[in-house]
Amino acid sequence: MLKRMSEYSYYAGACLRLYPSHRQKRLIKKNADAARFVYNEMVACSKEISSFGSLNIYIRGISERIACLQERMKSVTALKAHFLWMDDPELDANMIANAKKNYAHAWHCYRQGETTSPPAFHRRTYGQTYQTNPHYHPKRVLRAELTNGSAGFRDKHHVYIPKLGLMRCKGSRKWMDKLFDMKAVRIGTMTIRRDACGDYFLSMQLASDQPFFDVLSHKENSLGIDLNLCNFYTDSNGETVEMPVRQHLLERLKRARRILSRKAVSCRKKKIMLKNGRNYQKQRQRVACLERQIKRQRMDFLHIQSWHLIKNHGVIVAEKLDVRHLLHVSRSRRVIQQAGWQSFLKLLAMKADNYGRIFLQVEPAYTTQRCSSCGHILPLRKRLKLSQRIWTCPVCHVSHQRDHNAAQNILQRGQMLFRV
């Protein structure tokens, strides 16, 4: 009997570059626009139902309207009956189901406190995305694999997607060899995406009973890290990692955005729509490519640093960071945004889980104001300012480097938590 995605033991993801034809590009845009429309229709129905208020007695017209909206939100058939153009054979039925599922997931995240606002309308952007998923015939298929579903790989260089057909793809050679050497890998959700630069990608959820990653050799050493503004992080051994210098790219991006703004003003003066302005679109693509280059360089740096920590240490302890709060209270918002601390902590947690390491996060309260040698916490009137990088404990008279001392305090809290 075929297993569901939730019944497997190990999960991973794969991202591939796609090379669609002109016909396939048109179908991707059509399905992406329809997915955005379905999601926005769910949001509109929900807003209209909530606008009627929580009355105990409704007049007949309002009650019928609420019942019609609720039926449209629950049933795909009712949605297609109201919007006849959705019976188009070029539209993927799984795309509609996944758009409704994403809307329900957005409400779940809001109720759990993971997001600060309820689901809102998705605006039209230069990027395109929609989701589909393969089906495995329960009578013909005994075990779900990469190549025997209604969608999935046909070989290492070609992938089949419903409504789009066969498409050439390209991914990491090492990762693809690893996937095809595994016994049984099931494909879950498939996300087709076009970025603002015009390139196409495919992201897939994978599940298997065989581990995707080999567990690293055991390490007994522990390390605490303190993320700060002066450098990327300082560890409990006293070593620091500086932030990568991307100033030249940031300056190029700043100039390119100014040129883009001037071209937008020129188009408005000539009463030309921005989507029809050739010079505007060329400059917009240059800006998008620069933004993607900066993002990729940042993620490459984060992957290298997280892998270095996971490979060489058995237990890694970091502080819990509320980046949203820091962006509101800190004057160095740009530095915090460029650092990518939240992504770094997520990568550490993910790689620690994959490679059999231990990653802990502790509360950062008083880690800077506490002496790691004797445990004395500075009183409120004698708290350290941000400019004070070196200080001496008034009790044990040990001189501390601010970030190194904080990393040691973080490691001590993590060790106490690990022992408990």
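Look up: the structure comes first, before these words.
Per chain, residue numbering runs from 1 following the sequence as it is written. Restriction of local features to residues with pLDDT of at least 70 applies here, the model being predicted, together with a cutoff of 80 or more for giving and counting side-chain atom pairs; totals for whole chains, interfaces and linings are based on all residues. Calculation of side-chain values draws on the structure's entire complement of heavy atoms; hydrogens and water are dropped beforehand.

Chemist: How should a nonpolar patch on the surface be read in this particular structure?
Modeler: On the surface, Leu229, Val335 and Leu386 cluster together to form a nonpolar patch covering roughly 240 Å² of accessible area. With respect to the helices and strands, Val335 occurs in helix α9 (residues 333-339). Classification of residues uses two cut-offs on accessible area relative to the type maximum, computed with a 1.4 Å probe and protein chains only: under 20% is buried, over 50% is exposed, and between them is partly exposed. Val335 sits in the partly exposed class, given a relative accessible area of 34%. The patches described consist of residues with a relative accessible area above 30% and no salt bridge, like charges being joined within 9 Å and nonpolar side chains (Val, Leu, Ile, Met, Phe, Trp, Tyr) within 5 Å. Working definition of accessibility: Shrake-Rupley area with a 1.4 Å probe, residue cover restricted to the visible protein chains. A pairing counts as a salt bridge when a side-chain nitrogen of Lys or Arg comes within 4 Å of a carboxyl oxygen of Asp or Glu. Think of it this way: any DSSP run of H or I at least four residues long counts as a helix, any run of E at least two long counts as a strand, and we number them from the N terminus.

Chemist: Just checking my understanding: could you explain helix α10 (residues 341-355) for this structure?
Modeler: An α-helix turns once per 3.6 residues; consequently, residues spaced three or four apart project the same way. Between its first and last C-alpha atoms α10 spans 21 Å; for 15 residues at 1.5 Å apiece the expected length is 21 Å, and the two agree. Among all positions of α10, only Trp341, Phe344, Leu345, Leu347, Leu348, Lys351, Ala352, Asn354 and Tyr355 are buried. A positive backbone phi angle near 75 degrees is found at Gly356, which sits one or two residues after α10. Given the number of residues in a helix, its expected span is that number minus one, multiplied by 1.5 Å.

Chemist: What exactly am I supposed to notice about the packing of aromatic side chains here?
Modeler: Each aromatic ring pair is summarised here by two numbers: the centre-to-centre distance and the angle between the ring planes. Only Phe, Tyr and Trp rings are paired, with Trp represented by its six-membered ring, and only when their centres lie within 6.5 Å; those with planes under 30 degrees apart are stacked, over 60 edge-to-face, the remainder tilted. One pass over the full model with this rule turns up 13 aromatic pairs. Judged by centre distance (6.2 Å) and plane angle (45 degrees), the ring pair of Trp175 and Phe212 falls under tilted. In this pair, Trp175 sits in helix α5 (residues 173-181) while Phe212 sits in the loop between β7 (200-208) and β8 (222-227), placing the two residues 37 residues apart along the sequence. Each member of the pair, Trp175 as well as Phe212, carries the same accessibility label: buried. Put simply, the rings of Trp175, Phe212, Phe213, Trp307 and Tyr355 touch in pairs and so form one group of aromatic residues. Here the basic side chain of Arg168 rests over the ring of Tyr19, its NZ or CZ set 4.3 Å away from the ring centre. Whether a charge sits over a ring depends on NZ of Lys or CZ of Arg being within 6 Å of the ring centre and within 35 degrees of the ring normal. Positioned over the ring face of Tyr126 is Arg284, at 3.8 Å from the centre of the ring.

Chemist: Can you help me understand unusual backbone geometry in this one?
Modeler: Backbone phi values are negative for most residues with the exception of glycine, while trans is the configuration of most peptide bonds. Of note, the phi angle at Lys271 is positive, near 60 degrees, even though the residue is not glycine. By the secondary structure assignment, Lys271 is in the loop between α6 (247-269) and α7 (278-312). A positive phi is found at His397, a non-glycine position, where the angle reads about 60 degrees. Secondary-structure assignment places His397 in the loop between β13 (390-392) and β14 (399-401).

Chemist: I would appreciate a short explanation of the nonpolar core in the present structure.
Modeler: Ranked by internal contacts, the top residues of the largest apolar core, which has 49 residues, are Leu18, Tyr130, Ile161, Leu202, Met204 and Leu206. Of all the elements in the fold, those that place two or more residues in this core are β1 (10-19), α1 (22-51), α4 (93-111), β4 (158-161), β5 (165-170), α5, β6 (186-194) and β7. In terms of residue count, α1 provides more of this core than any other element does, nine residues in total. Only heavy atoms enter the contact rule, under which two residues are in contact if any of them lie within 4.5 Å. Leu206 has contacts with Met5, Tyr10, Tyr11, Ala12, Gly13, Ala14, Leu146, Leu179, Val185, Arg186, Ile187 and Phe212, leaving out every residue within four places of it along the chain. Core analysis: the second largest hydrophobic core is formed by 24 residues, Ala318, Leu321, Phe344 and Leu345 among them. The term nonpolar core refers to a set of buried residues drawn from Ala, Val, Leu, Ile, Met, Phe, Trp, Tyr and Cys, joined through side-chain atoms within 4.5 Å.

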